[in-house]
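What follows is the residue order along each chain.
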Amino acid sequence: MQYKLLLPEITLAAGILAIICADLVVARESRRQTAFGLGLLTLTIYLMAAAALGGVTEHAFAGHLLVDPWGSFFKLFFGVTGLLLLFLSYSYVGQRSLAPAEFVALLLGAYLGMSLMVSSEQLLTAYVGLELVSLTSYLLAAFLRQDPLSTEAGLKYFILGSVASATLLFGISFLYGYTGSLELATIAGSLSTGEGMVVIGSLLFLCGLLFKLAAVPFHVWAPDALQGAPTPITAFFSVGSKVAVLVLAGRFISHFSGVLAQEVHYYLLLVAIGSMTVGNLVALRQTNLKRLMAYSSIAHIGYLLVAYFLGTPEAYAALRVYVGVYAAANLGIFAIITWTESQNRGIEIDSFRGLGRVQPLFGLALGVFVFSLVGIPPTGGFMGKLLLFMASVQEAHYILAVIMVLNGVLSVVYYYRMLRSAFFEDSEWIAPITKNAALEAVVLVAVVVVMVTGVWPGWLQM
Amino acid sequence: MIPLSWLVTLAGLLFGIGLLGALLSTNAVRMLISIELMLNAVNINLVAFSRYYGASQPHGEIAAIFAMVVGAAEAAVGLAIFVAVARNSKLIDIDKINLLKW
C-alpha cells in the first residue's frame, strides 16, 4: 500500500481536523488544554510514523513523493521541534488569550506543508507544500490581531512572500516548458548545460527559494516579519519553515548540480557569503531581541548554503549537525525570550538584565546557547562549524573557510551583548517572578541536545 | 494557431507588469491584484507549453489548475490580513504602515 508512505502526513491532516472539530464541542475554559493536548498527540504519532519509515527508500504516487532517509531525518527533526514549539507557546497563547485551536491547527498545517516539501521530488507537489507553509505562516505572523506590529508583519510577509511564490512558479513553468515534465529527476536528465530557458527557469526557481530562506539579497522581509510575529511563531520561522525550504533547495541543487552552469554555483556562493556577512554586520546594531535573532538566522542560513555550494557528502553530514544544533539553541533562546516577555520585561536586549540572578537556570542556559551559536567548544555549535570548515578545506576553498571564521568572530560581538546584559548588568525585576515548567522543560531539552552534540555529533548523522 | 513564442512573450510581459506593480504601488489591494497578474502569467505559460506538448502531456494544464486554487487561497489569506491591518490603522496605504524598520 502506497498510503503507508504517506502516514506521517495523513496523521497531521487528521490531527488538524480533530483539533478544529474538538474546539466546537468542548467548554470554553478547556479549549486551550484540548487543542494543545490533541496537538501533542498528533505530533507524537507523527514522530512514530516518521520513525517507522526511517530506513525506507521508495517512490510513491507516480513519482510525486519520494520517501528516503534524508527526508525522514528532517521529518523527525520537524516532529521534535514541533513538540518543543507547542510547549513554548502554551502559556503564551493563554496569557494573550489567543484562539488556541486556530493557533495549533495553523501550526500543524505548516508542518504538514513542510513534511510534504521534504519528501517531494516533483515540482508541483513541492510548490503546493511550500504554499501550505507560506499561507499558514502569513496568518501566524499576523496572529495578534489587535497588535499593529503583528498585522504589519503579516502584511509585509504576505506581499513579499506572494511575489516570491509567483516567481518560483514562473521558474517552474519554464522548467516544465523546456522538458515537458515536472519531475526533478526527469527534468535534470533531459537538460543540457547553458540553455537559455533552463537558466532562466532554474534561476527564478532558486530566487523564489532563496527568498523564502531570507538569504541576502532577498532578506528584507525577514527582520520585520520575525520582529512583529508572536514570539513562539518567530521561533517557528527561524527553525521550522526555513529548514524545510533548505531541504527542498538541497534536492533541487543536488539533482541539477551536473547541468547547472558554473555561474549558478558561484551565484550560490555569493549569496551564502553575503548572507553571513550582512546578517552579522546588521545584527551588530540591533537592540530588539527578536530582530537580532532574525539577522543572526540570516547569517546562519549563509553558513548552511555553503554546504550546498560544496555539495560533498561531508558537507551534507555537516549540514545535519549544524541544523540540529542551530535549531536547539534557537528554540532555547526563544523559550527564554518568551519567559522574559511573560514577566512584562519587553523584548529588548536590556530585558535580560539580571536574568542570571533571578533565574539562574535560564541564565546558564543562555550562556550555553550563545556559545553554541558562536561556535565555542564544547558546545554542539562548535562541532557544526568545525565539520563545515573541514568540508570546505577538503575542497580547497581556503578563502571561504577564512571568511567563515571571520564571520564567527564578528558574531561574538552581538551575542556577547546578550550575556553581558544577563550577567554583568542588573535591574529591578517586578515581583512576583513566576516560574514556567513548560518553558524550563524546553530549555533543558535544548541544553541537553546542544551539549550532547558537542561531545558526540554522530547521533545526528545516524 | 498562435505561435508558442507569442504566448511566452505575453506571459513574460504580464509577469513583468505584475512584478513592477507589486513592488512599486502603494496600495495593498493594488498589490494583491498585481500578484494575481503574476500568477495569471504563470498560468498562460503553463497552458501554452502544455498545448505545445499535445494531449499526451497534460501536466501543465493540471499544474495551472493547482496554481489557480492556490492563488485563490492566497487572495483569501491576503484579504483577511488586509482587514486586520485596516482595523488597526484605519488605512491600507503601504507608505503609512511603517512601524517596523531596520
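This is a predicted model, so every value here is computed, not measured.

Thresholds, definitions, all that
Residues numbered from 1 in each chain as written. Chains lettered and ligands numbered in written order. Predicted model: local features only at pLDDT ≥ 70, side-chain atom pairs only at ≥ 80, totals over all residues. Heavy atoms only, no water. Helix = DSSP H or I, 4+ residues; strand = E, 2+ residues; numbered from the N terminus. Rg over C-alpha atoms; globule rule 2.2 N^0.38 Å. Buried < 20%, exposed > 50% of the residue type's maximum accessible area, 1.4 Å probe, protein only. Contact = heavy atoms within 4.5 Å. Areas by Shrake-Rupley, 256 points an atom, 1.4 Å probe, with all protein chains shown as cover. Lys, Arg positive; Asp, Glu negative; His and termini not counted. Charge placed at Lys NZ, Arg CZ, Asp CG, Glu CD. Core = buried A, V, L, I, M, F, W, Y, C linked by side-chain atoms within 4.5 Å. Buried area = accessible area lost by both parts, 1.4 Å probe. Polar contact = N/O pair within 3.5 Å; in protein donor to acceptor, adjacent residues only side chain to side chain. Nonpolar A, V, L, I, M, F, W, Y, C, P; charged D, E, K, R; others polar. Patch = residues over 30% accessible without salt bridge, like charges linked within 9 Å, V, L, I, M, F, W, Y side chains within 5 Å. Salt bridge = Lys/Arg side-chain N within 4 Å of Asp/Glu carboxyl O. 1 Å grid on protein atoms, 1.4 Å probe; cavity = no way out; pocket = protein on both sides within 12 Å on 5 of 7 lines; lining within 4 Å. Points joined across faces, edges and corners; volume = space filled by probe spheres on them. Expected span 1.5 Å × (residues − 1). Phe/Tyr/Trp six-rings, centres within 6.5 Å; stacked < 30°, edge-to-face > 60°.

S.K.: Is there a simple way to think about the overall build of chain A in this case?
M.R.: Summing up its helical and strand segments, chain A has 18 helices and 2 strands in all. At 21 Å, chain A has a C-alpha radius of gyration in line with the 23 Å of a compact globule built from 462 residues. Referenced to the eigenvectors of the C-alpha coordinate spread, the extents of chain A come out at roughly 65 × 55 × 40 Å. Within chain A, the fraction of its 462 residues that count as buried is 66%. Contacts spanning at least 24 positions in sequence make up 79% of the contacts within chain A whose residues lie at least 6 apart. Carbon and sulfur atoms make up 69% of the accessible area of chain A, which amounts to about 15,500 Å² in all. Each charge class in chain A was averaged separately, 22 positive and 23 negative side chains, and the resulting centres sit 7 Å apart.

S.K.: Mind showing me how you'd approach the nonpolar core here?
M.R.: Note that soluble globular proteins tend to have their nonpolar side chains buried in a common cluster. Residue and element names in this part refer to chain A. Core analysis: the largest hydrophobic core is formed by 198 residues, its most contacted members being Phe 74, Phe 78, Leu 305, Tyr 308, Leu 366 and Phe 369. Among the elements that make up this core, the one with the highest residue count is helix α13 (residues 313-342) (19 residues). Apart from the residues within four sequence positions on either side, Phe 369 is in contact with Ala 328, Ala 329, Gly 332, Ile 333, Ile 336, Val 443, Ala 446, Val 447 and Val 450. Formed by 7 residues, the second largest nonpolar core is a distinct cluster that contains Leu 5, Leu 65, Val 67 and Leu 116.

S.K.: What should I look at first to understand the interface of chain B and chain A in this one?
M.R.: Every contact between the two is made by 43 residues of chain B and, on the other side, 47 residues of chain A. Of the roughly 3,700 Å² buried at the junction of chain B and chain A (both faces included), carbon and sulfur atoms supply 77%. The interface formed by chain B and chain A holds 7 residue pairs in polar contact (both at pLDDT 80 or more) in total. Going through the elements one at a time, α1 (4-24), α2 (28-53) and α3 (59-89) of chain B are the ones with two or more residues in the side of chain B that touches chain A. Among the elements that make up the side of chain B that touches chain A, the one with the highest residue count is α3(B) (15 residues). For the side of chain B that touches chain A, a count of residues per class yields 32 nonpolar, 9 polar and 2 charged.

S.K.: Sorry if this is basic, but what is going on with a nonpolar patch on the surface here?
M.R.: Where nonpolar side chains cluster on the molecular surface, the patch consists of A:Leu364, A:Val412, A:Tyr416, A:Phe423 and A:Phe424 and spans about 520 Å² of accessible area. Here the nonpolar patch gets 3 residues from one element, more than from any other, and that element is helix α17 (residues 398-423) of chain A.

S.K.: How should I be thinking about empty space enclosed by the protein in this particular structure?
M.R.: Residue and element names in this part refer to chain A. For the structure shown, the criterion picks out 6 cavities of 30 Å³ or more. Forming the walls of the largest cavity are Leu 130, Val 133, Ser 134, Ser 137, Tyr 157, Lys 212, Trp 221, Phe 237, Ser 241, Lys 242 and Val 245. Those elements that provide at least two residues to the lining of the largest cavity are α5 (123-141) and α10 (231-256). For the lining of the largest cavity, the class distribution of residues is 6 nonpolar, 3 polar and 2 charged.

S.K.: Even after reading the chapter, I still don't get α13(A), so can you show me in this structure?
M.R.: Since one α-helical turn is 3.6 residues long, residues separated by three or four positions face the same way. Compared with the 44 Å implied by 1.5 Å per residue over 30 residues, the 43 Å span of α13(A) between its first and last C-alpha is a close match. The element α13(A) is extensively covered by neighbouring structure, given that 27 of its 30 residues are classed as buried.

S.K.: Is there a simple way to explain the packing of aromatic side chains in this structure?
M.R.: The description of two aromatic rings rests on the distance between their centres and on the angle between their planes. Residues and elements named next belong to chain A. Taken as a whole, this structure holds 28 aromatic pairs over all chains when the rule is applied. Here Trp 339 and Phe 362 contribute two aromatic rings whose centre-to-centre distance is 5.2 Å and whose plane-to-plane angle is 80°, an arrangement assigned as edge-to-face. Pair noted here: Trp 339 is in helix α13 and Phe 362 is in helix α15 (residues 360-374), with a separation of 23 residues, a long-range link. Overall, the relative accessible area of 0% leaves Phe 362 in the buried class.

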